[in-house]
Amino acid sequence: MFDSRSHGGMVLNWRGPLLAGGIFAAVFAILLFMAHQNQSTTSDMGSSLREDPYGTSLLFDSYARAGYQVKRSQDEDSLFDQNAGSTTAFFIGGYPYNEWENEKGKLRNAGKFSGRLEDFLARGGRIVLIRPAWKLKSESQGWEVENKWNETPKESRPTWISPDLREMPAGSEMMYLGADAPWLKADEHWTTLYAGPAKAGAKADTSGNVYMAMRRVGSGALIAASQEWFLLNETIKTRPNPVLLDFLTGGRPVIWVDETLHGLHQNQGVLWLVQRYRLQVALMLFWAALLALLWSMSGDLVRRPRRDQNAQIVRHGEAAGVAARHLLQRSIPTEHVVAECWEQYRHRSPQDAQAISADPRCALRLRAALAQPALAGYMELSQLIAERRASAKGPAHADRGAPESSAAATKRIPEEARIA
């Protein structure tokens with residue numbers, strides 16, 4: 001790539017893209033920082049974004065490595081947008097967002113969370129509900145999920161329980177139970193998957209406490225587990241359970257995880273609108289328009305040879321600093337500013353330019369001005385043109401104009417110094 005003066009080629013103007021790229025990078029970095037802070041504020045056990053022993057990041061990372069499409073959602077209403085026939089929805093611990101309402105001074109369960117579950121099951125979805133925070137019940141679909149706790153003072157220790165291989169696939173792993181783990185309140189409509197503490201060399205006691213069960217709801221399926229210890233990072237890392245994990249998904253390729261249960265709720269701001277209403281294309285068009293605007297404001301897209309020999313760059317009555325800044329904004333190299341000004345003056349006032357070139361004293365000053373740096377040469381050229389105009393108007397005008405031009409030059413010095 002060559003300079004426009006030396007070989008008539010084109011040189012890319014880098015100032016515009018650099019400015020726009022810097023603004024884009026700063027805004028994007030702020031958005032990433034906000035997203036990271038939003039994710040790191042959770043403290044609930046079972047969050048898919050927690051990487052400590054009490055999170056479930058390893059669980060869903062394992063699903064992603066196995067080829068599943070994992071969607072960690074911070075918008076509970078996005079469940080309505082999922083294809084229920086190919087999606088398994090995970091709800092692990094936590095508390096539903098904005099579930100309780102104040103009615104006449106009393107807290108009332110609004111039933112929004114149960115309503116979302118009912119809608120997803122009615123469309124044929126598969127739900128994995130782990131350690132629900134309170135009793136969930138659907139009158140229309142006839143199911144109920146509730147945990148029961150040991151009311152005796154005797155504490156239970158962590159243990160492992162075996163699957164019911166009549167319902168679970170062959171090779172299913174044992175389930176880890178934490179200390180004092182609750183169990184499910186299950187009726188005859190539920191199919192027991194894991195139940196009762198397993199004893200060495202004994203089969204699973206399906207008549208004992210139920211810790212995981214499943215039931216069909218129309219064309220959908222609901223799997224409930226009383227506690228989440230068997231899915232936490234600490235357990236997944238030491239005792240992987242791939243057969244159990246594949247069973248939970250039922251072979252469906254998409255996994256949707258509700259992170260609003262752990263306090264990560266996406267506020268309905270700009271980002272929410274972009275994601276909710278699929279405005280990503282509009283956002284990219286906005287950034288493209290901003291890039292083009294900043295680029296055009298900082299100068300031409302490329303440095304070209306003079307496009308119009310009759311175009312006026314130096315405007316009549318314009319201060320040297322202002323006119324020089326206009327030249328720089330048009331991507332003219334600083335070392336060519338004085339020569340470009342003289343060329344423009346020659347095409348605008350050929351008779352005056354010819355008179356200056358023909359005068360030996362003025363021609364000597366002209367050559368000296370063209371050889372000087374941009375600001376000094378521009379001021380010398382402006383003075384030379386002003387003297388030519390004053391001499392053309394007559395001695396009276398020249399006498400009157402000399403002090404005036406001197407005062408004007410004094411006023412322009414601070415402004416011109418800014419571009420020196």
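Please read all numbers here as calculations on a predicted model, not as lab measurements. (Residues numbered from 1 in each chain as written. Predicted model: local features only at pLDDT ≥ 70, side-chain atom pairs only at ≥ 80, totals over all residues. Heavy atoms only, no water.)

Participant: Account for unusual backbone geometry, with residues named and values stated.
Facilitator: Although it is not a glycine, R131 adopts a positive phi angle of roughly 45 degrees. Relative to the assigned elements, R131 resides in the loop between β6 (126-130) and β7 (136-138). Unusually for a residue other than glycine, D180 sits at a positive phi of about 55 degrees. The class for D180 is partly exposed, based on a relative accessible area of 35%. (Helix = DSSP H or I, 4+ residues; strand = E, 2+ residues; numbered from the N terminus. Buried < 20%, exposed > 50% of the residue type's maximum accessible area, 1.4 Å probe, protein only.)

Participant: Would you mind going over empty space enclosed by the protein in detail, with residue names and values included?
Facilitator: The tally for this structure, following the rule as stated, stands at one cavity of 30 Å³ or more. Taken as a whole, the largest cavity encloses approximately 80 Å³ of empty space. In terms of lining residues, the largest cavity is bounded by 13 residues, among which P96, F113, P132, A133 and L136 are the most central. Within the lining of the largest cavity, the residues separate by chemical class into 10 nonpolar, two polar and one charged. (1 Å grid on protein atoms, 1.4 Å probe; cavity = no way out; pocket = protein on both sides within 12 Å on 5 of 7 lines; lining within 4 Å. Points joined across faces, edges and corners; volume = space filled by probe spheres on them. Nonpolar A, V, L, I, M, F, W, Y, C, P; charged D, E, K, R; others polar.)

Participant: I'd like to hear about the pattern of salt bridges, residue by residue, with values.
Facilitator: Where charged atoms from two side chains of opposite charge come close, those side chains can pair. If you walk through the whole model with that rule in mind, you get 11 salt bridges. In this structure, D61 and R72 form a salt bridge, with 3.3 Å as the shortest nitrogen-oxygen distance. Placement of D61 in helix α2 (residues 57-65) and of R72 in strand β2 (residues 69-73) is noted, with a sequence separation of 11 residues between them. Judged by relative accessible area, which is 32%, R72 ranks as partly exposed. Note that E387 is salt-bridged to R365, the shortest N-O span being 2.7 Å. In this pair, E387 is assigned in helix α12 (residues 374-393) and R365 in helix α11 (residues 360-371), connecting sequence segments 22 residues apart. For E387, a relative accessible area of 31% translates into the label partly exposed. Salt bridges sharing partners connect three or more residues here, namely R365, E380 and E387. (Salt bridge = Lys/Arg side-chain N within 4 Å of Asp/Glu carboxyl O.)

Participant: Now, about the pairing of strand β16 (residues 254-258): what can you tell me, with residues and values included?
Facilitator: Counting buried positions over the five residues of β16 gives five, a clear majority of the element. Neither face of β16 is left uncovered, since the one carrying V254, W256 and D258 and the one carrying I255 and V257 both have all their residues buried. With four bridges connecting them, strand β3 (residues 87-92) and β16 associate as parallel partners. Looking at the pairing, F90 lines up with V257 of β16. (Pairing = 2+ DSSP bridges.)

Participant: Lay out the nonpolar core with the relevant residues and their values.
Facilitator: The biggest cluster of nonpolar side chains holds 30 residues, and the ones touching the most others in it are Y63, M212 and L248. Leave out the neighbours within four places in its chain, and M212 touches M175, L184, T191, T192, L193, Y194, I223, A224, A225, F230, L244 and L248. Membership of the second largest hydrophobic core comes to 24 residues, among which are A84, V145, A195 and V217. (Core = buried A, V, L, I, M, F, W, Y, C linked by side-chain atoms within 4.5 Å. Contact = heavy atoms within 4.5 Å.)

Participant: Tell me what's going on with α12, and back it up with residues and numbers.
Facilitator: Given a rise of 1.5 Å per residue, 20 residues ought to cover 28 Å, and the 29 Å separating the end C-alpha atoms of α12 matches this to within 8%. Every buried residue of α12 is listed here: G377, Y378, L381, L384 and I385. The buried residues of α12 all sit within an arc of 125 degrees when viewed along its axis, so they share a single face. (Expected span 1.5 Å × (residues − 1). Arc of directions from axis to C-beta.)

Participant: Describe the environment of E146, naming the residues involved and giving the relevant values.
Facilitator: Mapped onto the elements, E146 comes out in the loop between β8 (143-145) and β9 (147-148). Residues E146 and P182 lie 36 residues apart in sequence; the distance between their C-alpha atoms is 9.8 Å. For E146, the contacting residues outside a window of four places in its chain are K135, W183, L184 and K185.

Participant: With reference to specific residues and values, describe the environment of E188.
Facilitator: Along the chain, the position of E188 falls in the loop between β12 (183-184) and β13 (191-195). For the pair formed by E188 and R215, sequence separation is 27 residues and the distance between their alpha carbons is 9.7 Å.

Participant: Could you give me a rundown of the packing of aromatic side chains, with the residues and numbers involved?
Facilitator: Applying the stated rule across the entire model yields nine aromatic pairs. Seen from their ring centres, F60 and Y63 are 6.2 Å apart, and the 45 degrees between their planes marks the pair as tilted. Remark: Y63 and F60 occur in helix α2; sequence separation between them is three residues, near one turn of the helix. An aromatic cluster of at least three residues, connected via ring pairs, comprises F60, Y63, Y68 and F90. The ring of W160 has R239 lying over it, and the distance from NZ or CZ to the ring centre is 4.2 Å. (Phe/Tyr/Trp six-rings, centres within 6.5 Å; stacked < 30°, edge-to-face > 60°. Lys NZ or Arg CZ within 6 Å of the ring centre and 35° of its normal.)

Participant: Give me the lowdown on helix α3 (residues 112-122), citing residues and values where you can.
Facilitator: Within α3, burial applies to F113, S114, R116, L117, F120 and L121. Along the axis of α3, the buried residues cluster in a sector spanning 160 degrees; they form a single face. Where α3 terminates, the next one or two residues include G124, which has phi positive at roughly 90 degrees.

Participant: Any details on the packing of helix α9 (residues 337-348) against helix α10 (residues 350-358)? Residues and values, ideally.
Facilitator: It is at 5 Å that the axes of α9 and α10 come closest, and there the two elements cross at 120 degrees. Taken together, α9 and α10 sit at an angle that is classed as oblique. Contact residues: α9 offers W342, Y345, R346, H347 and R348, while α10 offers P350, D352, A353, I356 and S357. Taken together, the residues that form the contact of α9 with α10 break down as five nonpolar, two polar and three charged. (Axes fitted to C-alpha atoms, helices over the stretch in contact; angles between N-to-C directions. Parallel < 35°, antiparallel > 145°, perpendicular 65-115°, else oblique.)

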